[in-house]
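# Observations on the three-dimensional arrangement
Listed below are the residues making up each chain.
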Amino acid sequence: MKKGLIWRFALIGATIILSIVFFLPSTPWFESLPYWWKENLPNKGITLGLDLQGGMHLILEVETDKAVESSIDLIVNDLKSRLEEKKIDFTSVKKTGYNSISIAYQTQGVSETIKKLVDDTYPNLTYQSSFPSQFIYTLTGKEGKRIRESSVDQALETIRNRIDEFGVAEPTIHRQEENEIVVQLPGVKDPKRAIELIGRTARLEFKLLDEENEIATRLPSSIPPGEEEKLTKEFSGKIPDGDALLFEAVKDKETRKVISKIPFLVKKQAMLTGDLLTDAKVNIDSRFNEPYVSISFNTTGAKLFDKITGENVRKRLAIVLDNNVYSAPVIQERISGGNAQITGRFSMDEAKDLAIVLRAGALPAPVHIIQNVTVGPSLGKDSIEAGKISGIIATIAVIVFMIFYYRLSGLIADIALFLNIILLLGAMASLNATLTLPGIAGIILAIGMAVDSNVLMFERMREELRVGKTPRASVDSGYHKAFWTIFDSHVTTLITAIVLFQFGTGPVKGFAVTLSLGVTINLFTALIGTKTIFDLMLSRVKIKTLSI
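Remember, it's a predicted structure, so these values are computed and weren't measured experimentally. (Residues numbered from 1 in each chain as written. Predicted model: local features only at pLDDT ≥ 70, side-chain atom pairs only at ≥ 80, totals over all residues. Heavy atoms only, no water.)

### Considerations on the sheet that holds strand β8 (residues 180-186)
Put simply, the rule reads: DSSP bridges decide pairing: two strands pair if at least two such bridges lie between them. Each helix corresponds to a stretch of at least 4 residues labelled H or I by DSSP, and each strand to a stretch of at least 2 residues labelled E; elements are numbered beginning at the N terminus. Axis angles are defined between N-to-C directions and span 0 to 180 degrees, where every axis is a line fitted to C-alpha atoms and, for a helix, only to the segment in contact. Only heavy atoms matter for contacts: two residues are in contact if any of them lie within 4.5 Å across the pair.
Ordered in space as β7-β8-β2-β18, the 4 strands form an open sheet in which the pairing is antiparallel. In this open sheet, the two edge strands, each paired with only one partner strand, are β7 (172-176) and β18 (367-375). The sheet shows a mean angle of 15° between the axes of neighbouring strands, taken without regard to direction. Against the sheet, helix α6 (residues 141-166) touches β2 (55-62), β7 and β8, its axis set at about 170° to β7.

Here it is as structure tokens:
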């Protein structure tokens, strides 16, 4: 055997062995393999997509106007601080619309000073109009657009971080339209928990209770769930402007259902927010054997928390997440070091989810679900079976046709076809690719292209045999003359697959992955695999005619 043939057989054998090693984790036999194999060799295989194993398909809409409002709120608070620091006489600074600010003053001599301060500090605010002793500023259209786009991008990244920590394998998360986000979660077994985790705004605030106000003494100790709106209406008009009525949910330890709500009169101004957090993790309280969330602040947050707790000893500090009170402990002493605890009668899953959203950060604006489709495992199983049947039928039909039409040469093409499938599955497993129904279609198309390449070469060989060339000369000439035609068709298909992957979404990408891998492997099996078999056959046996 020639040295070149030995090297080609070694290359083909090595690729087959590697493909099998990578693909084994995707098979039912992987669990029976020894421990050392799982530890030292690839242990991740092909992941099934949403349409094959079931899961969730969500379309979320980001309320981008709320992000603009939040930016205006920050500007209002900052302007107040700056005016106070510079001791400029002003009456009020407040938001007058979702994107505009009103600055009122009494002393006429300060109007130019205020105007200069705003112009220098916030160039993205446009002077809109002026009334007696009042300025109106509006956010520029360009800045408003930037905030909206940024809020969607930030929401996308925050949701991705939450899902990654939640532990969903191969999620699909991408932007759609101007303010929509598509989320696909294959294999999710608890859709309700996943939705709550994704959609939670996670705005953490530390606020003092207003216990000195008479209204606080008149509030009931608890109310049945669903009575919050009734109680709020009852005290409507009596609650001071700087306060708000918030509630803490009390849950049954066994069923985790809300059994009552505790009302609190809370000061609206947040003393500290979750923006200053650096970490959040779940710990177990050794006294009550209950989980709680331990949080850590950055340097700025630690100093601020130290100051807040030092100035408000014996007062109650409410820990508020998305306008829901989680706990309202009494500050016993100054807390230094930048660490705190959030307790709230959590289950372990609730504590874990709270820690996840705090670590991943708050959403820049609320999101709400505009489409929620759940694909059941049974539907996914039916899809897998349908894909298997279609693939098997297509493969058998191709094998039978090739043997019937090209005889022994057709059998060689079928061997290359099996090699193609083995290498394709191994390549997908090595990349931990996600297999979807369109991906199965891509595999079947790749099988068709593999056979098409052999058909081109076989027809060239037939032409060479008809003009009287020997079998060896016909094989060499057939491969040589068909090479550029095959190469051209595969490269153009590969370019199409790359474009589909770059600009497509979800299922389209699954199709593009299998097609691009299949096309690349086709070139190897068609130009090297079958040629090696022909060369081996012609070198060992003196053949006068070629079975083609």
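Next comes the rest of the write-up.
### Observations concerning the pairing of β2
The condition that has to hold: Summary of the burial criterion: residues with accessible area below 20% of their type's maximum are buried, those above 50% are exposed, and those between are partly exposed, where the area comes from a 1.4 Å probe applied to protein chains only.
Along β2, 7 of the 8 residues are buried, which leaves the element largely enclosed by surrounding structure. Here β2 runs beside β8; their pairing, made up of 7 bridges, is antiparallel. Bridge pairing links M56 to L185 in β8.

### Observations regarding the pattern of salt bridges
For clarity, the cut-off: Here a salt bridge means any side-chain nitrogen of Lys or Arg lying within 4 Å of a carboxyl oxygen belonging to Asp or Glu.
Considering all chains together, one arrives at 21 salt bridges under this definition. Between E464 and K481 there is a salt bridge whose closest N-O contact spans 3.0 Å. Of this pair, E464 sits in helix α13 (residues 437-466) while K481 sits in helix α14 (residues 471-503), placing them 17 residues apart in sequence. Each member of the salt-bridge network shares a partner with another, and the members are R8, D476, K531 and D535.

### Focus: the packing of aromatic side chains
Inclusion rule: Each Phe, Tyr or Trp ring (for Trp, its six-membered ring) is paired with any other whose centre lies within 6.5 Å, and the angle between the two planes then decides the class: stacked below 30 degrees, edge-to-face above 60, tilted in between.
Taken as a whole, this structure holds 15 aromatic pairs when the rule is applied. Each ring, one from F483 and one from W484, has its centre 4.9 Å from the other, and the planes form 80°; the classification is edge-to-face. Exposure remark for F483: the relative accessible area of 28% places this residue in the partly exposed category. Residue classification places W484 among the exposed positions, given a relative accessible area of 59%. Taken together, a centroid distance of 5.8 Å and an interplanar angle of 20° make the contact between F483 and F487 stacked.

### Topic: the nonpolar core
The following threshold applies: We call a set of buried residues a nonpolar core when its members are Ala, Val, Leu, Ile, Met, Phe, Trp, Tyr or Cys and they connect through side-chain atoms within 4.5 Å of each other.
In this structure, I103, I114, I181, V183 and L185 are the most contacted members of the largest nonpolar core, which totals 43 residues. Top element by residues in this core is helix α4 (residues 64-85). It accounts for 7 residues. Counting residues in each nonpolar core, the second largest holds 41 residues, with L419, L435, I443 and F458 among its members.

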